[in-house]
Amino acid sequence: MLYDDDGETYNYLQGEYSRIEIKITPDTNNQKQGSVKLTEGQKTWSFSDYTFRYMTE
């Protein structure tokens, strides 16, 4: 989960924040696939674009 709020006020105390689900799953070829899910009705302040970079041995 990625937490996001306006970063400037204490409005998070009144519930003005979002939790963004970030999920990594392997596909049928064992390649990793990333997805981002924002709960309906929530907004983002800081995060709108996502880039997945996988680092493996």
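Definitions and cut-offs
- Residues numbered from 1 in each chain as written.
- Predicted model: local features only at pLDDT ≥ 70, side-chain atom pairs only at ≥ 80, totals over all residues.
- Heavy atoms only, no water.
- Helix = DSSP H or I, 4+ residues; strand = E, 2+ residues; numbered from the N terminus.
- Rg over C-alpha atoms; globule rule 2.2 N^0.38 Å.
- Buried < 20%, exposed > 50% of the residue type's maximum accessible area, 1.4 Å probe, protein only.
- Contact = heavy atoms within 4.5 Å.
- Areas by Shrake-Rupley, 256 points an atom, 1.4 Å probe, with all protein chains shown as cover.
- Pairing = 2+ DSSP bridges.

J.: Is there a simple way to think about the overall build of the protein in this case?
T.: Of the regular secondary structure elements, the protein holds zero helices and three strands. Against the 2.2 N^0.38 benchmark of 10 Å for 57 residues, the protein shows a C-alpha radius of gyration of 14 Å, more extended than a compact globule. For the protein, the C-alpha atoms occupy an extent of roughly 45 × 25 × 15 Å along the three principal directions. Across the 57 residues in the protein, those meeting the buried criterion constitute 7%. Of the contacts made within the protein by residues no fewer than 6 positions apart, 33% connect residues no fewer than 24 positions apart. For the protein, the accessible area works out to roughly 5,200 Å², and carbon and sulfur atoms hold 44% of it.

J.: What is the right way to read unusual backbone geometry from this model?
T.: For residues that are not glycine, phi is negative in most cases, and the peptide bond is trans in most cases. Of note, the phi angle at N30 is positive, near 65°, even though the residue is not glycine. Tracing the backbone shows N30 in the loop between β2 (18-26) and β3 (32-38). Classification of N30 as exposed rests on a relative accessible area of 60%.

J.: Explanation requested: the pairing of β3 in the structure shown.
T.: In regular strands, side chains alternate between the two faces of the sheet. By the bridge criterion, seven bridges tie β2 to β3 in an arrangement that is antiparallel. The residue of β3 that forms the bridge with I22 is V36. Turn length for the β2-β3 hairpin, with the two strands adjacent in sequence and antiparallel, is five residues, and the turn residue N30 shows positive phi of about 65°.

J.: How do you make sense of the environment of I24 when you look at a structure like this?
T.: Looking at where I24 falls in the secondary structure, it is placed in strand β2. Sequence separation of I24 and W45 is 21 residues, and the distance between their C-alpha atoms is 23 Å.

J.: Explain the environment of P26 to me, please; I cannot follow it from the model alone.
T.: Within the secondary structure, P26 sits in strand β2. Assessed through its relative accessible area of 54%, P26 is described here as exposed. Contacts of P26, omitting those with residues within four sequence positions, involve Q31 and K32.

J.: What should I look at first to understand the pairing of β2 in this one?
T.: Relative to β2, strand β1 (residues 2-4) runs antiparallel, the two sharing three bridges. Residue pairing across strands places L2 opposite I20, the latter belonging to β2.

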